[in-house]
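Report on the structure
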Amino acid sequence: VIPAPFAYERPDSLDEALRALAGGDGTTRVIAGGQSLLPLMKLRLARPDRLVDIGRFDELRGVRELAGGGLAIGALTTWAELLDDPRVMAWGALADAIPTIGDVQVRNRGTIGGSVAHADPASDIAAPLLALAAELTVRSVHGERRVPIGEVYAGPFMTTLAPGELITEVRLPAPDARLGSAYVALPHPASGYPVAGVAAVVVRGSRGGPPERCAAAVTGVAETPFRALAVEEALLAGRSLAEAAALAATGVRALSDPYADREYRTAMAAVMAERALRAAMDRAA
Ligand SMILES: Cc1cc2nc3c(=O)[nH]c(=O)nc-3n(C[C@H](O)[C@H](O)[C@H](O)COP(=O)(O)OP(=O)(O)OC[C@H]3O[C@@H](n4cnc5c(N)ncnc54)[C@H](O)[C@@H]3O)c2cc1C
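Residues numbered from 1 in each chain as written. Predicted model: local features only at pLDDT ≥ 70, side-chain atom pairs only at ≥ 80, totals over all residues. Heavy atoms only, no water.

1. Re helix α9 (residues 229-236)
Our working definition: Think of it in three bands: with a 1.4 Å probe and only protein chains considered, a residue is buried below 20% of the maximum accessible area for its type, exposed above 50%, and partly exposed in between. Numbering of helices and strands starts at the N terminus; helices are DSSP runs of H or I of at least 4 residues and strands are runs of E of at least 2. Our arc is simply the arc of the directions from the helix axis toward the C-beta atoms. Any two residues whose heavy atoms approach within 4.5 Å are treated as being in contact.
Within the span of α9, buried status applies to Val231, Glu232, Ala234 and Leu235. Looking straight down α9, one finds that the buried residues subtend no more than 165° of arc, so they occupy a single side. Against the buried residues of α9 lie β13 (213-219), β14 (226-227), α10 (241-245) and α11 (262-283).

As structure tokens, this is what we get:
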């Protein structure tokens, strides 16, 4: 439980941090709240030679409103800060997911950017971000780019971000008053991480008809969190909530472990999907 030796740098500015990361030889890692990285280092599952600490950059902290009505959440914004922000909590799926993440200590230190970059297959926040079609702003010494969240998760604990790229913000779309969203998860009794978690976003259609818009995303079930496109297509085609929800793990090979085998996880994905869809539907105007 003691990390291997490493060098530690605390740059004074974001530009300096980006230069330090660009100069890294592949064994340099950025550290934000340290909630995921430090446990890995203590277990020696991660052995960076150098840590670049970005944890004190105020410009990466906090929530600001975008011109078009969306929100830009600074990468260093903690779960606790998000819980205190009514503009973020107005999204039902985020208000459902964030209080379930870790415990008070984790929520006080852990950041949204760190969680996305860590790419845990059972990240709670991944499902709402996928269903809401969030975007990342990513910066490196070569400039800035926007990345749809759906293009970020590459595998277990892997993202498509290039070495030297930092997540600077997570962007949420402009709120739509007609839209309802929800996140429902079955937590693992020991870790609290979702065994299966589903976020749903719905805009109702005409009375009794299929929804005008819907999105569903699943976490905890496969090697990466994913959009449940089969669920969305079935709902838009007029199938019932239960029929659509049953397709939640379509096209993925569900994970299997001693607590939850493949069949159980697949079944729980469907149960969570139905509950999330119903809750989102209830919340939709
Ligand atoms: C006891 C415990 C319980 C937890 N329970 C849950 C849970 O129930 N559900 C859940 O979803 N999560 C859970 N977590 C995970 C927690 O939410 C994350 O550890 C935390 O949000 C990560 O943010 P951080 O700032 O601490 O990241 P760090 O640990 O500092 O970094 C994590 C990774 O992201 C990289 N990184 C950090 N910031 C950036 C950035 N801005 N740009 C690019 N790369 C970056 C780092 O190099 C590192 O690889 C738990 C963690 C703990 C310790």
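Don't stop here, the text continues.
2. Digging into the sheet that holds strand β6 (residues 135-140)
Short version of the rule: Should DSSP find at least two bridges between two strands, the strands are taken to pair. Axis angles are defined between N-to-C directions and span 0 to 180 degrees, where every axis is a line fitted to C-alpha atoms and, for a helix, only to the segment in contact.
Strand order in the open sheet formed by 5 strands is β4-β5-β10-β6-β7, and the pairing between neighbours is antiparallel. Sheet topology places β4 (63-65) and β7 (143-148) at the edges, where each strand pairs with a single neighbour. If you compare each strand with its neighbour and ignore which way they point, the axes differ by 25° on average. Examined bridge by bridge, β6 and β7 share 6 bridges and lie antiparallel to one another. Following the sheet pairing, Leu136 is matched in β7 by Val147.

3. Some remarks on the pairing of strand β3 (residues 50-53)
What counts here: The handedness of a crossover follows from its direction of travel: if, with the strands pointing away from the viewer, the path from the first strand over the helix to the second runs clockwise, the crossover is right-handed.
Of the two faces of β3, the one holding Arg50 and Val52 and the one holding Leu51 and Asp53 are both buried throughout. Traced from strand β2 (residues 28-31) through helix α2 (residues 37-42) to β3, the parallel crossover comes out right-handed.

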